[in-house]
Amino acid sequence: MTVLSVDGLTVHHGQLAAVVDLDLAVGEGETLAIIGANGAGKTTLLRTIAGVLRPTTGTIRYDGQDVTRMPAHRRVAAGIALVPEGRRLFPALTVAENLATGAYRKRPGPWSVDRIIELFPWMADRTGQAAASLSGGEQQAVAIGRALATNPRLLLLDELSLGLAPIVVRGLYERLPEILAQGTTVLLVEQDVSQALRVADQVCCLRGGRAALRGRPADLSAEQIQAAYFGAAATRNGDADADGTANVGALSVATGSDAGEETTR
Amino acid sequence: MTWVNTIVQGILLGGLYALFACGLSLMFGVMRIVNLAHGDLGVLAAFLAYSVMSATPLGAFWAVLIVLPVFAAFGYALQRGLIQRSLSISPLSTLLVTFGLSVVIQNALLEKYSADSRALNVGSLVTAALRVNASMSLSYLALLTFGLAIVVIVALQLFLSRSRTGRMMRAASDDPEAATLVGADSRHIYAVATAIAFATVALAGLMFAMRSSFDPSIGPTRLIFAFEAVVIGGLGSLWGTLLGGMVLGLAQTLGAQLDPTLLLLSGHVIFLAVLAFRPQGLIPQRKLA
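Residues numbered from 1 in each chain as written. Chains lettered and ligands numbered in written order. Predicted model: local features only at pLDDT ≥ 70, side-chain atom pairs only at ≥ 80, totals over all residues. Heavy atoms only, no water.

Q: I'm lost on the packing of aromatic side chains in this one. Help?
A: Two aromatic rings are characterised by how far apart their centres lie and by the angle between their planes. Here the structure, examined in full by the defined rule, presents 10 aromatic pairs over all chains. Ring centres of Y17 of chain B and F225 of chain B lie 5.0 Å apart, and the angle between their planes is 50°; this geometry places the pair in the tilted category. Of this pair, Y17 of chain B sits in helix α1 (residues 2-31) while F225 of chain B sits in helix α9 (residues 219-233), placing them 208 residues apart in sequence. Each of the two residues, Y17 of chain B as well as F225 of chain B, counts as buried. Look at Y50 of chain B and Y113 of chain B: their rings are 6.5 Å apart centre to centre, the planes differ by 75°, and that puts the pair in the edge-to-face class. Separated by 63 residues along the polypeptide, Y50 of chain B in helix α2 (residues 38-55) and Y113 of chain B in helix α4 (residues 91-113) bring together distant segments of the chain. Against the face of Y104 of chain A rests R164 of chain B, its NZ or CZ located 4.3 Å from the ring centre. (Phe/Tyr/Trp six-rings, centres within 6.5 Å; stacked < 30°, edge-to-face > 60°. Helix = DSSP H or I, 4+ residues; strand = E, 2+ residues; numbered from the N terminus. Buried < 20%, exposed > 50% of the residue type's maximum accessible area, 1.4 Å probe, protein only. Lys NZ or Arg CZ within 6 Å of the ring centre and 35° of its normal.)

Q: It is not clear to me how the interface of chain A and chain B should be interpreted in this structure. Could you clarify?
A: One frequently used descriptor of interface size is the decrease in accessible area upon assembly of the parts. Contact with chain A, which involves 22 residues of that partner, is made by 23 residues of chain B. Summing both partners gives a buried area of about 2,000 Å² for chain A against chain B, and 59% of it is carried by carbon and sulfur. Among the residues of chain A in contact with chain B, H73, F90 and Y104 of chain A are the three that bury the most area, contributing 34% of the side total. At the boundary of chain A and chain B, one finds 4 salt bridges. As a salt-bridge pair, D175 of chain B and R88 of chain A come within 2.6 Å of each other at their nearest N and O atoms. The interface formed by chain A and chain B holds 7 residue pairs in polar contact (both at pLDDT 80 or more) in total. Residue assignment for the side of chain A that touches chain B shows that the elements contributing at least two residues are α1 (42-50), α2 (72-78) and α3 (95-102) of chain A. Sorting elements by how many residues they give to the side of chain A that touches chain B places α3 of chain A first, with 4 residues. Residue composition of the side of chain A that touches chain B, by class: 12 nonpolar, 4 polar and 6 charged. (Contact = heavy atoms within 4.5 Å. Buried area = accessible area lost by both parts, 1.4 Å probe. Salt bridge = Lys/Arg side-chain N within 4 Å of Asp/Glu carboxyl O. Polar contact = N/O pair within 3.5 Å; in protein donor to acceptor, adjacent residues only side chain to side chain. Nonpolar A, V, L, I, M, F, W, Y, C, P; charged D, E, K, R; others polar.)

Q: Please explain the pairing of strand β9 (residues 202-207) of chain A as it appears in this structure.
A: In regular strands, side chains alternate between the two faces of the sheet. All names here are of chain A. Note: strand β3 (residues 31-35) against β9, 4 bridges, orientation parallel. Opposite L32, over in β9, you have Q202 as the bridge partner. In this structure, β9 lies alongside strand β10 (residues 210-215), joined through 5 bridges in antiparallel fashion. The partner of R207 across the bridge, within β10, is R210. If you look at the hairpin formed by β9 and β10, you'll find 2 residues sitting between the two strands, and G208 has a positive phi there, around 60°. (Pairing = 2+ DSSP bridges.)

Q: Explain the pattern of salt bridges here, please?
A: Throughout the structure, instances matching the rule amount to 9 salt bridges over all chains. For E177 of chain B, the salt bridge goes to R88 of chain A, with nearest N and O atoms at 3.5 Å. With one member in each of two chains, E177 of chain B in helix α7 (residues 176-181) and R88 of chain A in the loop between β6 (80-83) and α3 form a pair that bridges those chains. According to the relative accessible area criterion, R88 of chain A is partly exposed, its value standing at 26%. Note that D185 of chain B is salt-bridged to R187 of chain B, the shortest N-O span being 3.4 Å. The exposure class assigned to R187 of chain B is partly exposed, which follows from its relative accessible area of 36%. Linked by salt bridges that have partners in common, R47 and R88 of chain A together with D175 and E177 of chain B make up one network.

Q: I tried to follow the environment of T185 of chain A on my own but got confused; where do I start?
A: Residues and elements named next belong to chain A. Mapped onto the secondary structure, T185 falls in strand β8 (residues 185-189). Sequence separation of T185 and L220 is 35 residues, and the distance between their C-alpha atoms is 22 Å. Apart from residues no more than four positions distant in its own chain, T185 is found in contact with V3, V26, G27, E28, G29, E30, R153, L154 and L155. At 2.9 Å, the side chain of T185 forms a polar contact with the backbone nitrogen of G29.

Q: Help me understand the sheet that holds strand β2 (residues 16-27) of chain A in this model?
A: As a general point, the strands of a sheet are linked pairwise by backbone hydrogen bonds and lie either parallel or antiparallel. All names here are of chain A. Spatial ordering of the open sheet is given by β2-β1-β4-β5, a layout of 4 strands whose pairing is antiparallel. Since the sheet does not close on itself, it has two edges, and those belong to β2 and β5 (65-66), each with one partner. Where α1 meets the sheet, it contacts β1 (2-13), β2 and β4 (57-62), and its direction lies at approximately 115° from that of β1. (Axes fitted to C-alpha atoms, helices over the stretch in contact; angles between N-to-C directions.)

Q: I tried to follow the nonpolar core on my own but got confused; where do I start?
A: Side chains of nonpolar character tend, in soluble globular proteins, to be buried together. Residues and elements named next belong to chain B. In this structure, L120, M168, I189, M210 and F214 are the most contacted members of the largest nonpolar core, which totals 80 residues. Among the elements that take part in this core, helix α8 (residues 186-211) stands out by supplying 15 residues, more than any other. Beyond its immediate chain neighbours, meaning those up to four positions away, F214 contacts A46, F47, Y50, D116, S117, R118, A119, L120, F208 and A209. (Core = buried A, V, L, I, M, F, W, Y, C linked by side-chain atoms within 4.5 Å.)

See the structure below:
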């Protein structure tokens with residue numbers, strides 16, 4: 001069953017179209033990873049689904065219901081939670097208070113503050129500490145915990161790895177199966193492509209606000225992803241579909257980029 | 001002994017200033033709104049209570065019980081209907097809107113009640129005092145006001161630190177967008193903060209009106225004292241506001257003890273001195289904002 005479907009979504013930042021005519025569907029319990037370079041529209045997409053940004057055109061359907069015009073706080077009550085880019089914890093509040101803000105809507109579900117502390121055991125001794133004094137990785141864990149406390153059916157994760165050491169990122173992603181075990185549907189945005197491919201059931205690569213490639217991680221080759229990521233296929237072969245999706249056969253090796261993204265798996 | 005008396009009276013006066021100022025402090029702490037109509041709202045509450053007491057046989061106590069909820073509701077509605085809209089435009093427009101509100105309230109009161117001075121009749125309570133010794137007697141009204149200021153500020157602190165809505169108010173003060181992302185309707189949270197601020201300023205206005213006369217023009221002076229108390233104590237800190245109110249009250253009574261004409265000046269001088277040498281205030285914000 002489809003939890004989230006996005007149809008013909010276009011989102012503008014002023015004059016700039018950050019997301020263009022995008023279609024997406026995520027099934028119950030599925031994990032969809034959105035990958036793409038900086039400025040591809042990933043964060044904009046998540047923020048629009050969370051309700052912080054308003055789309056120019058297109059519809060967002062959640063649980064069969066049109067939520068395109070629903071304000072962000074009501075989407076939380078309906079079960080959509082975003083872990084925003086850059087954590088966005090409440091710095092003056094303690095760890096426990098930050099987690100408790102997630103329970104504001106009292107949405108029923110498996111997650112309570114105690115259960116979240118079980119998921120991240122280090123929090124137990126530090127509930128009274130101000131969130132501002134935590135390390136980046138710890139803040140990210142609290143941000144995930146805060147979103148879980150809303151008991152989401154659809155969890156949106158924006159760049160968990162941003163500014164964190166690889167070992168810390170791995171530690172965070174190791175918790176993901178426990179979250180998924182609750183039947184939570186996850187839509188995650190990640191620049192660390194190898195990490196995204198490891199955890200996702202489906203991958204969608206954005207480029208210039210359009211879907212450049214989609215598929216199951218097992219069905220996609222490193223070259224395809226590299227091409228979709230950097231745009232080599234579209235520019236060299238010029239045979240992208242009308243909807244902007246590069247043909248699966250259009251393989252080419254993107255070179256000359258020093259973006260330093262790891263695209264092998 | 002005169003000096004001890006002066007200090008005690010100054011601290012008690014500071015209670016009134018703190019009571020006036022805590023709503024201003026709360027609105028600034030949560031929404032970064034400087035409410036220039038704050039003093040006039042206190043005066044409006046006093047006139048409302050005056051009307052209630054003249055039109056009905058009810059006493060001052062009942063007038064307080066009626067005016068406070070009315071003002072809380074008024075604050076909620078005003079925030080949702082007017083201030084929120086200006087907040088989404090720019091901080092400057094909020095300043096202009098509250099300034100306009102101040103002008104409207106003053107002139108409406110002048111129209112309805114004329115410029116005559118009034119007083120809330122609290123019977124013998126107005127002169128009743130606790131006689132400590134030959135040189136010191138403490139007015140029950142001043143003691144009551146001081147006690148109410150402490151109760152209100154402690155209650156506000158507990159509300160902000162313990163309750164679900166209070167916690168969300170601090171969260172929204174830190175990061176309004178992140179607060180909506182955990183399910184808070186920031187307009188509702190802000191309106192609740194304004195409702196609380198309006199109720200406290202109504203209480204302050206009524207306590208003031210019970211001990212001295214009032215007319216439609218005194219609001220701005222009340223605002224300045226409240227503003228000074230907030231700045232002396234430290235923006236956004238409620239304990240600071242209580243301390244700031246006491247420092248201001250002390251400065252005024254000590255100044256007046258030296259020379260009665262120094263009453264206002266000494267308070268302003270302390271305010272300027274704090275701005276110059278300790279601009280973050282005596283207790284810089286940490287809890288609320």
